[in-house]
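Chain by chain, the residues run as shown.
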Amino acid sequence: MVPPIWIEHTTSPLPRKDLFVHSKLIIEKSDGLFGNIDIDGSKNAALPILVSSILCCGTLSLKNVPDLLDVHNIVNLLQELNIKVNKNEKSFQLDATNISSFTSSYELASKLRASVLVLGPLLARFGKAKVPLPGGCSLGMRPVDLHIKSLSQMGAKIFMEHGYIVGEVPSERLIGTDITFEIVSVGATQNALMAATLAKGHTKIINAAKEPEIVDLCHCLRKAGAKIVGDGTSVIEIEGVEKLHSAEHTIIPDRIEAASYAIATLATNGSIILNNITPNVFGTFKDYLEKAGAKLTFFDEKNSVEIRSTKNINSIDVKTAPYPDFPTDIQAPWMVLMCLAVGKSIIEETIFENRFTHVPELTKMGANIKVLSNHEALVHGISKFTSAQVKATDLRAGFALIIAALVADGISEISHTYHIDRGYVDVVGKLTKLGVNITKKGAI
Ligand code: UD1
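For every chain, the first residue of the written sequence is number 1, and numbering continues from 1 onward in sequence order. Totals for whole chains, interfaces and linings use every residue, but because this is a predicted model, local features are given only for residues with pLDDT of at least 70 and side-chain atom pairs only at 80 or more, for both listing and counting. Hydrogens and water molecules were not included; the side-chain quantities draw on all heavy atoms of the structure.

Asker: Can you explain the site of the ligand? Please cite residues and give values.
Answerer: Looking at the ligand, there are 19 residues lining it, with Arg113, Ser185, Val186, Asp329 and Ile351 nearest. We call two N or O atoms a polar contact when they sit within 3.5 Å, provided that within protein one can donate a hydrogen and the other can accept it, with sequence-adjacent residues counted only if both atoms are side-chain atoms. Ser185 places a side-chain nitrogen or oxygen 2.6 Å from an oxygen atom of the ligand. Each accessible area is a Shrake-Rupley result for a 1.4 Å probe, and residues are judged covered by the shown protein chains and nothing else. About the coverage of the ligand: the protein hides 86% of its 740 Å² of free accessible area. Strands are runs of DSSP state E lasting at least two residues, helices are runs of H or I lasting at least four, and both sets are numbered from the N terminus onward. For the shell around the ligand, the elements supplying multiple residues, two or more each, are α6 (145-153) and α7 (186-197). It is α6 that provides the largest number of residues to the shell around the ligand, a total of 3 residues. Here, proximity means that at least one heavy atom of the residue falls within 4 Å of the molecule or strand.

So this is what it looks like as structure tokens:
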């Protein structure tokens, strides 16, 4: 019998005060992005894969790990558990042989939602875990009930104590079972499947998330000895093993970073080359780019893609939904593009309930957007943006404001840039390379 647990949580990340107060991006209007940049490893693949080191008796060697605030925070959290971490640029070695703590600190966990992912691996390997309710972007209620329910179904006893999720496994190991998610959740799928790799017997995850980041996690876990099939489909099956061992893995390119720069190119009427990508990096998002007016040329042998804007931007209605549909993480940058399109478009957000916080900021820059409900906005095309002082309200909203600043007359200032640092590697360096006049003030 699964205990009825429903935990709702709205905590925002706790930024360092100096970053919060001082750090600003100063951006001049661009005549178009031109040049080429490298796309870094995927944040959303790297975070769970770094966490999966908890499961391994040995060293997990990772390449192409992006240098991001969220990655630093999750690595610090793993070090608190006494995982040894060696880092050389984008390569990490994580050795979880001597884990001696099963509790993550409130301070680190409150900075990123992915901190909840340690719950499943700790319970699976050590039978105990104490994890604070997670933080992350404030996108409305972001419950973790599905994570807890699935681990409880595998035999863990989980309860809340002083703001912590506390779990223990009364039997020797977690026990494989059928888990049906009522809604598709990337994080809950990752937590359940990581736990299932060391559970006794067979686990079947039904209505699993199909994101490429989940497939990448499964690739990595298989290299460490896990028995998983079905990743990339809505049914993932795992046959538990007693131990996972050392493995080496290279993180996939960040499709959201690639899409963000592609949109910026289209918005500024530019032409850029993105390196270090895979041919299918955009998935079905490629069709949206092309319909909006982009010309994409893939050079598969060089792992690069050229993105060129060809004509006026076309307005296209979009509705966010789990992979392979339109990614919620691209909704805010896409909205800026639609502001620059001819005509009107509707943007529907079906994943998160509070993901239009960029609208008031874009309005300061001249956007004409009507929020019809928590889930729907009507965007009217405008001829141009005007510069303003605005605030990054979350990670992707931050990049959306960068795009607006690139096309706004004058010089814009974006504050609260720690959000952007959570998910975009060296945004100043990359945009400078693409010809933008951009500086960061007050950064460390
Ligand atoms: C991940 C991504 C994030 C992306 C999101 C949706 C990472 C580190 N983050 O976040 O960038 O925007 O997927 O593609 O990979 N939900 C519940 N109960 C739960 C868990 C989730 O109701 O226990 C709900 C959420 O509130 C949301 C929906 O499920 O409405 C999808 O969230 P989920 O896929 O879990 O997002 P994350 O894994 O947090």
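Asker: Please provide a residue-by-residue account of the pairing of strand β16 (residues 304-309), values included.
Answerer: Per-residue accessibility, obtained with a 1.4 Å probe over protein chains only, is compared with the maximum for each type, and a residue is labelled buried under 20%, exposed over 50%, and partly exposed between these values. Extensive coverage of β16 is indicated by the burial of 5 of its 6 residues. Any two strands with at least two DSSP bridges between them are considered paired. The pairing of strand β15 (residues 294-299) with β16 spans 6 bridges and is classified as antiparallel. Counterpart to Ala294 in the pairing with β16 is Ser309. Where β15 folds back on β16, the antiparallel hairpin that results is connected by 4 residues, among which Asn303 adopts a positive phi of roughly 55°.

Asker: An account of the domain arrangement of the protein is needed here, citing residue identities and associated values.
Answerer: Reports of interface size often rely on the accessible area that becomes lost once the parts have come together. An automatic or database domain assignment is the source of the domain bounds shown. Per the domain assignment, the segments of the protein are domain 1 (17-40 + 253-441) and domain 2 (43-250). Counting the surface lost from both domain 1 and domain 2, the interface buries some 1,900 Å², and carbon and sulfur atoms represent 54% of this. Contact with domain 2 buries area across many residues of domain 1, yet Asp40, Tyr323 and Arg422 alone supply 33% of it, more than any other trio. A pairing counts as a salt bridge when a side-chain nitrogen of Lys or Arg comes within 4 Å of a carboxyl oxygen of Asp or Glu. Here domain 1 is connected to domain 2 by 3 salt bridges. Here domain 1 is connected to domain 2 by 6 residue pairs in polar contact (both at pLDDT 80 or more). Elements represented by at least two residues in the side of domain 1 that touches domain 2 include exactly α13 (395-407) and α14 (418-423). For the side of domain 1 that touches domain 2, the leading source of residues is α14, giving 4 residues. Summed over both partners, the accessible area (1.4 Å probe) lost when two parts come together is defined as the buried area.

Asker: Can you tell me about the confidence of the model for the protein, naming the residues and giving the values?
Answerer: Per residue, pLDDT measures the predictor's confidence, with a range of 0 to 100. Confidence along the protein averages 92 in pLDDT terms, with 93% of residues attaining 70 or more. Contacts from residues 1-21, a stretch scored under 50 in pLDDT, to residues over four places away or in other chains number 49 contacts. Whether two residues are in contact is decided by their heavy atoms: any pair within 4.5 Å suffices.

Asker: Please provide a residue-by-residue account of the pattern of salt bridges, values included.
Answerer: What the rule picks out here adds up to 15 salt bridges. The closest approach of N and O atoms between Lys430 and Asp40, which form a salt bridge, is 2.7 Å. A residue pair is termed long-range when its members are at least 10 positions apart, and Lys430 in helix α15 (residues 427-433) and Asp40 in the loop between β2 (34-38) and α2 (43-51) qualify at 390 residues. The same class applies to Lys430 as to Asp40, namely buried.

Asker: A description of the packing of helix α9 (residues 255-267) against α13 should follow, citing residues and the corresponding values.
Answerer: Two elements in contact, α9 and α13, have axes separated by 9 Å at closest approach and are oriented at 20°. As the angle between them shows, α9 and α13 are arranged roughly parallel. With respect to the hand of their crossing, α9 and α13 are arranged in right-handed fashion. Facing α9, whose interface residues are Ile256, Ser260, Tyr261, Ile263, Ala264 and Ala267, α13 presents Arg396, Phe399, Ile403, Leu406 and Val407. Here an angle of 0 to 180 degrees is reported between the N-to-C directions of two axes, which are lines fitted to C-alpha atoms, with helices fitted over the stretch in contact. We call two directions roughly parallel when the angle between them is under 35 degrees, roughly antiparallel when it is over 145, roughly perpendicular when it lies between 65 and 115, and oblique otherwise. Helix crossings are classified by the rotation of the near helix relative to the far one: an anticlockwise turn of less than a right angle makes the crossing left-handed, while a clockwise turn makes it right-handed.

Asker: Pulling in residues and values, what's your account of the environment of Cys218?
Answerer: By the secondary structure assignment, Cys218 is in helix α8 (residues 212-223). Distance in space between the C-alpha atoms of Cys218 and Met194 is 8.6 Å, their sequence separation being 24 residues. Those residues within four positions of Cys218 in sequence are excluded, and the remaining contacts are Leu193, Ile228 and Asp231.

Asker: Could you give an account of the sheet that holds strand β18 (residues 344-348), naming the residues involved and the relevant values?
Answerer: Either a parallel or an antiparallel arrangement is found when strands of a sheet pair, and the pairing is made through backbone hydrogen bonds. Taken in spatial order, the 4 strands make up an open sheet running β17-β18-β20-β19, and their pairing is mixed. Among the strands making up the open sheet, the edge pair consists of β17 (318-319) and β19 (368-373).

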